[in-house]
Amino acid sequence: MAETSGDRLDSWKEIAAYLKRGTRTVQRWESIEGLPVHRLQHGRLGSVYAYKGELDAWWKSRQATIDKEVIETDGGGASVAVLPFADMSQEKDQGYFCEGVAEEIINALGRLRGLRVASRTSSFQFRSTDFDSREIGRRLRVGTLLEGGVRRSGNRLRVTVHLSNAEDGYQLWSGRFDRELSDVFAIQDEIAANVVDALELTLSPKERAALRKAPTSDADAYDYYLRGRHSFYQYGTKDVEHAASLFSRAIEMDSRFAQAYAGLADCWSYLYMHAQRTDANRQRAEEASRKAVGLDPESAQAQASRGTALSLSERDEEAETAFKTAIQLDPNLFEAHYYYARHCFAHGRFEEALQSYERAMRVRPEDYQVPLLVAQVYEDLHRPASATEARRRGVEIAAKHLEWDPDDSRALYMAANGLVALGERERGREWAERALAMRPEEPMTLYNVGCIYSLLGQVDESIECLEKAIRNGLSQRGWLDYDSNLDRVRSHPRFSELMKMLDQ
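## Concerning the overall build of the protein chain
Reasoning step 1: For the protein chain, the helix and strand inventory stands at 23 helices and 9 strands.
Reasoning step 2: Here the contacts in the protein chain between residues at least 6 apart in sequence split such that 61% fall between residues at least 24 apart.
Reasoning step 3: With an accessible surface of roughly 22300 Å², the protein chain has 45% of that area assigned to carbon and sulfur atoms.

What follows is the structure, given as structure tokens:
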């Protein structure tokens, strides 16, 4: 195509804006198969251009392929994805509240053994996208979609919601609730109960009771809790610190709010492991998790938070009990399997870590993290074919995730590790450096990029990243002890100095 004035787009931003016209989806990165983007200078983020005619032809071809695909579900049975509820408020400042309402419904439905529920992480990727129901159902491998909107004005609340068949869009149930803000828990219960009835699920008395269990009686405390969870999910040090202050405010309003204590414990645990390794943070995590379990011993989330906090104090036997209790209470709680697997890995118990990672994958098959983490365990257990298969799966899921959220640094550095291990060294290096450019001070980013540099044989760069990660607060000695990604740097004289830093 000849270059003519007005035909050329000179940045990812311009390309994304062009693709978003009409019913198109923002799909910005070169990970999208066949996307006709040209580079001006290799390896420099943003140094790209594309022609409108080529993009139009690419989109037409891609859409034709999408239209031929059918929804896939896992082994039949009822399945649902709860999409993030739209903010219908005039000020458009209730996004956190809308997401929180949807998340609570996800959590309630996720406790039902006869229903497969797409995770929050996966469902919320479709925030502000133009995919139709058929495409969303196909990508999430679910048969039904629950969508809604929330309008909040002062203490008044209006929630509209409908459940539809993902394949043909046929509406199975709809409802509208005009209530006081204090009735938000009753609204969530009614929505979940109507989904159960529409899908003709049979519940045990215990499951019925769980659907009706309100986390708090204080609507303002709940509001702060939702703000806290929204901030925590950003997974940055400042975000988590802010979340801790919001959870604390919720607890001030309702001293018996178990979920807020569990959220607070998660914040202190995160900060201890990844940012500020102090005895104060470790003790705060332990105290908050103990309070959460004391207030609601039947909460799987509280038990999982307790297990994580106890592991920080090397109270391993008690941590084991808490993790296993969480799994028994809710076998579908992804975090229980995921954090227990990481606990086992940090103690060099690879077989147990493998079993927990595999359970986490069954609970949340659309998660990109677990396949990429379990691949290393397969490698350590001398199962290279399984490692390769897991990495390919993880990279594929991460690449799809990055189509919707190209600024997710965690997806970038985790997929980068998989790419390097699969032999795509340059692509992996580029993704890792993109992640590092986004969050150059975050300990988790620095640690993982350090692992990638080690795999690439860039020993000095690896040591520098690891040293900075530890100086910025990384405290997980077990990772440096047992992470085979770091085998190439362990003989380096500076590595022993890093280990001494962790002992201080």
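## Here we look at helix 13 (residues 316–329)
Reasoning step 1: Spanning 14 residues, helix 13 covers 20 Å between terminal C-alpha atoms, matching the ideal 20 Å at 1.5 Å per step.
Reasoning step 2: Taken together, the buried residues of helix 13 touch helix 12 (300–312) and helix 14 (334–346).

## Section: the pairing of strand 4 (residues 78–82)
Reasoning step 1: The buried fraction of strand 4 amounts to 4 of the 5 residues, a majority that puts the element mostly inside the structure.
Reasoning step 2: Strand direction decides the pairing type here: strand 4 and strand 6 (residues 115–117), joined by 3 bridges, are parallel. When the bridges of strand 6 are listed, Val-80 appears paired with Val-117.
Reasoning step 3: As defined by bridge partners, strand 4 adjoins strand 7 (residues 144–153) across 3 bridges and the pair is classed as parallel.

## Some words on the nonpolar core
Reasoning step 1: Ranked by size, the top nonpolar core spans 73 residues in total, and within it Tyr-357, Trp-431, Tyr-447, Leu-480, Leu-486 and Phe-495 carry the most contacts.
Reasoning step 2: Ile-105, Val-159, Tyr-225 and Leu-264 belong to the second-largest nonpolar core, a separate cluster that totals 68 residues.

## Points about the packing of aromatic side chains
Reasoning step 1: Evaluation of the coordinates by the stated rule reveals 9 aromatic pairs.
Reasoning step 2: Measuring from centroid to centroid gives 6.4 Å for Tyr-96 and Phe-97, while their planes differ by 80°, and the two rings are edge-to-face. No difference in accessibility class separates Tyr-96 from Phe-97, as the two residues are buried.
Reasoning step 3: Over the ring of Phe-232 we find Arg-229, and its NZ or CZ is 5.5 Å from the ring centre.
Reasoning step 4: We note Arg-249 situated over the ring of Tyr-224; from NZ or CZ to the ring centre the distance is 5.5 Å.

## Some remarks on unusual backbone geometry
Reasoning step 1: In this structure, Arg-141 is a non-glycine residue whose phi angle is positive, near 60°.
Reasoning step 2: Examined against the element boundaries, Arg-141 turns out to sit in the loop between helix 5 (133–140) and strand 7.
Reasoning step 3: Look at Glu-314: it is not a glycine, yet its phi comes out positive at around 60°.
Reasoning step 4: With respect to the secondary-structure elements, Glu-314 resides in the loop between helix 12 and helix 13.

## Overview of the environment of Gln-94
Reasoning step 1: Within the element layout of this structure, Gln-94 appears in the loop between strand 5 (86–87) and helix 3 (95–110).
Reasoning step 2: On the basis of relative accessibility, which here comes to 9%, the residue Gln-94 falls in the buried class.
Reasoning step 3: In this structure the C-alpha to C-alpha distance between Gln-94 and Arg-151, which are 57 residues apart in sequence, comes to 8.4 Å.
Reasoning step 4: Excluding residues that lie within four positions of it along the chain, Gln-94 makes contacts with Asp-87, Ser-89 and Arg-152.

## Digging into helix 5
Reasoning step 1: With 6 of its 8 residues buried, helix 5 lies for the most part within the structure.
Reasoning step 2: Downstream of helix 5 by a residue or two, Arg-141 has a phi angle that is positive, lying close to 60°.

## Digging into the packing of helix 13 against helix 14
A pair of packed helices is characterised by two quantities: the angle between their axes and the separation of those axes.
Reasoning step 1: At their nearest, the axes of helix 13 and helix 14 sit 9 Å apart, and the two run at 155° to each other. One finds that helix 13 runs roughly antiparallel with respect to helix 14. By crossing handedness, the relation of helix 13 to helix 14 is classed as left-handed. Taking contact as the criterion, the partners of Asp-316, Ala-319, Glu-320, Phe-323, Lys-324, Ala-326 and Ile-327 in helix 13 are, on helix 14, Ala-336, His-337, Tyr-339, Tyr-340 and His-343.
Reasoning step 2: Residues that form the contact of helix 13 with helix 14 fall into these classes: 7 nonpolar, 2 polar and 3 charged.

## Section: the pairing of strand 8 (residues 156–165)
Reasoning step 1: Relative to strand 8, strand 7 runs antiparallel, the two being bridged by 10 bridges. The residue of strand 8 that forms the bridge with Thr-144 is Asn-165.
Reasoning step 2: Connecting strand 7 to the next strand, strand 8, in antiparallel fashion are 2 residues, including Gly-154 with a positive phi near 60°.
Reasoning step 3: Here strand 8 runs beside strand 9 (residues 171–180); their pairing, made up of 9 bridges, is antiparallel. Counterpart to Arg-156 in the pairing with strand 9 is Glu-180.
Reasoning step 4: The antiparallel hairpin formed by strand 8 and strand 9 contains 5 residues in its connecting segment, where Gly-169 sits at a positive phi of about 75°.

## Some points on the environment of Arg-364
Reasoning step 1: By the element assignment, Arg-364 lies in the loop between helix 15 (350–363) and helix 16 (369–380).
Reasoning step 2: Here Arg-364 falls in the buried class, since its relative accessible area comes to 13%.
Reasoning step 3: Those residues in contact with Arg-364 that lie beyond four places of it in its chain are Ser-119, Thr-121, Phe-334 and Glu-335.

## Quick look at the side chain of Gln-458
Reasoning step 1: Within the secondary structure, Gln-458 is located in the loop between helix 20 (443–456) and helix 21 (459–471).
Reasoning step 2: The residues contacting Gln-458, other than those within four sequence positions of it, are Arg-429 and Tyr-453.

## Observations concerning the confidence of the model for the protein chain
Reasoning step 1: Confidence in the prediction of the protein chain, expressed as mean pLDDT, is 82, and 87% of residues score 70 or more.
Reasoning step 2: Every residue in residues 42–46 scores below 50 in pLDDT, and together they form 8 contacts with partners more than four places removed in sequence or on other chains.

## Focus: the state of the cysteines
Reasoning step 1: For the structure shown, the criterion picks out 0 disulfides.
Reasoning step 2: Take Cys-451: it sits in no disulfide, and the sulfur closest to it among the cysteines is that of Cys-465, at 9.7 Å.
Reasoning step 3: Judged by its relative accessible area of 1%, Cys-451 is buried.

## Structural notes on the packing of helix 8 (residues 219–232) against helix 10 (residues 258–274)
Reasoning step 1: Where helix 8 contacts helix 10, the axes come no closer than 10 Å and their chain directions differ by 25°. Here helix 8 lies roughly parallel to helix 10, going by the angle between them. The hand of the helix 8/helix 10 crossing is left-handed. Note on element contacts: helix 10 touches helix 8 through Gln-259, Ala-260, Ala-262, Gly-263, Asp-266, Cys-267 and Tyr-270, opposite Tyr-225, Arg-229 and Phe-232.
Reasoning step 2: Considered class by class, the residues forming the contact of helix 8 with helix 10 number 6 nonpolar, 2 polar and 2 charged.

Thresholds applied
- Residues numbered from 1 in each chain as written.
- Predicted model: local features only at pLDDT ≥ 70, side-chain atom pairs only at ≥ 80, totals over all residues.
- Heavy atoms only, no water.
- Helix = DSSP H or I, 4+ residues; strand = E, 2+ residues; numbered from the N terminus.
- Contact = heavy atoms within 4.5 Å.
- Areas by Shrake-Rupley, 256 points an atom, 1.4 Å probe, with all protein chains shown as cover.
- Expected span 1.5 Å × (residues − 1).
- Buried < 20%, exposed > 50% of the residue type's maximum accessible area, 1.4 Å probe, protein only.
- Pairing = 2+ DSSP bridges.
- Core = buried A, V, L, I, M, F, W, Y, C linked by side-chain atoms within 4.5 Å.
- Phe/Tyr/Trp six-rings, centres within 6.5 Å; stacked < 30°, edge-to-face > 60°.
- Lys NZ or Arg CZ within 6 Å of the ring centre and 35° of its normal.
- Axes fitted to C-alpha atoms, helices over the stretch in contact; angles between N-to-C directions.
- Parallel < 35°, antiparallel > 145°, perpendicular 65-115°, else oblique.
- Left-handed = near helix turned anticlockwise from the far one by under 90°.
- Nonpolar A, V, L, I, M, F, W, Y, C, P; charged D, E, K, R; others polar.
- pLDDT = per-residue confidence, 0-100.
- Disulfide = S-S within 2.5 Å.

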